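Close look at the chain arrangement
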Amino acid sequence: MFKELDPLLHSELRLAIMSIVITVAEADFLSIKEQTRATAGNLSVQIEKLKEAGYIEVQKGFLGKRTRTVCKITLRGAEAFKNYVEALKSYLNLE
Amino acid sequence: MEERKMNGNESLELISQMIKNTQSRIERHNGMPFMVWGYTTVIVSLAVWFMLKSSSNYNWNYLWFLIPAIGYPTMMVLLKKQSNGMKTMMDKFIGYVWLSIGIAAFIVSVSTFIYWQTPVLFIVLLLIGSGTLITALLIQYKLLIFMGLASYASAILCLIIRDVNVILVFAATFLVMMVIPGHILYAKNRRNHV
């Protein structure tokens, strides 16, 4: 029996964002943008979707005079990511 | 990158690629903070020692406050410059440890206004030595582990020596515990990045 893939994570950019924030304690918007090579607009939309789902926490602050948006994974996000990888494994017969 | 649906293999490939890229971007501990605090402390200590030795005016002890006054702004500039927008849990933990130690060391220094016989150098060396040891154990840097442990012996020496020359022991400990390992760590880090 295949496990269901989380539709929120089964999208290229959102999965990339989650893969980054699960690796570090926090990552700012610019570093995620550089790494995913996404446009700022698209990235903002996808971050907002992940935030609404409670998968990531977004904090806005300042670094000197510049605004800085920092993303952190939540426990719920980490759990969803783990389940997604487990589901993928079952699809690919890696279990 | 788009909001595109992928097949299972593409998803796994993307996850491993992103994790690999992120790990390669994580800033390794490059020894710079050790050099900043080490050099600042050694130079200020020697200045205090020299002034006390030559004038015996205890007001020169106020020069000690140059350490945080120079160290903190330098660290702020450095951290801002070196930031790559990512922080690991270990970075955060090490940061919190040093923040707590910095506050405690400052309180110990200020406590001399209330009780002038506080063995400041002894307590500060114990605190900084503990911070160094914790950092060394976390980043698994053997030389620094040894230096952190050795600083405890120096702290005891600071309690035994009763004259102004105790400052020289303090300065020498910082030179050996922070400046030298800081340079070695920095050189190692640069070699790995070439």
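What you see is a predicted model; the values in this text were computed from it and never measured.

With that out of the way, let us pick up the confidence of the model for chain B. Scored by pLDDT, chain B has a mean of 90; 96% of the residues are at 70 or more. Predicted complex metrics record ipTM = 0.84 and pTM = 0.81.

If you look at the interface, chain A gives 34 residues, while chain B gives 27 residues. Counting the surface lost from both chain A and chain B, the interface buries some 2700 Å², and carbon and sulfur atoms represent 61% of this. It is H10, E12 and Q35 of chain A that lose the most area in chain A upon contact with chain B, and together they represent 25% of the buried surface on that side. Linking chain A with chain B are one salt bridge. Applying the counting rule to chain A against chain B returns eight residue pairs in polar contact (both at pLDDT 80 or more). Put simply, the parts of the chain that give the side of chain A that touches chain B at least two residues each are α1 (12-21), β1 (26-28), α2 (29-36), α3 (40-52), β3 (66-73) and α4 (75-91) of chain A.

This paragraph deals with the packing of aromatic side chains. Residues and elements named next belong to chain B. Summed over the entire model, instances satisfying the criterion amount to seven aromatic pairs over all chains. Residues W64 and F170 carry aromatic rings whose centres are separated by 5.7 Å and whose planes lie at 90 degrees to one another, so their mutual orientation is edge-to-face. Taken together, the residues W64 in the loop between α2 (32-55) and α3 (66-82) and F170 in helix α7 (residues 166-193) connect sequence positions 106 residues apart. Of the two residues, W64 and F170, neither departs from the other in class, the shared state being buried. Ring centres 4.9 Å apart and planes at 50 degrees place the aromatic pair F170 and F174 in the tilted group.

About the criteria used
Residues numbered from 1 in each chain as written. Chains lettered and ligands numbered in written order. Predicted model: local features only at pLDDT ≥ 70, side-chain atom pairs only at ≥ 80, totals over all residues. Heavy atoms only, no water. pLDDT = per-residue confidence, 0-100. Contact = heavy atoms within 4.5 Å. Buried area = accessible area lost by both parts, 1.4 Å probe. Salt bridge = Lys/Arg side-chain N within 4 Å of Asp/Glu carboxyl O. Polar contact = N/O pair within 3.5 Å; in protein donor to acceptor, adjacent residues only side chain to side chain. Helix = DSSP H or I, 4+ residues; strand = E, 2+ residues; numbered from the N terminus. Phe/Tyr/Trp six-rings, centres within 6.5 Å; stacked < 30°, edge-to-face > 60°. Buried < 20%, exposed > 50% of the residue type's maximum accessible area, 1.4 Å probe, protein only.

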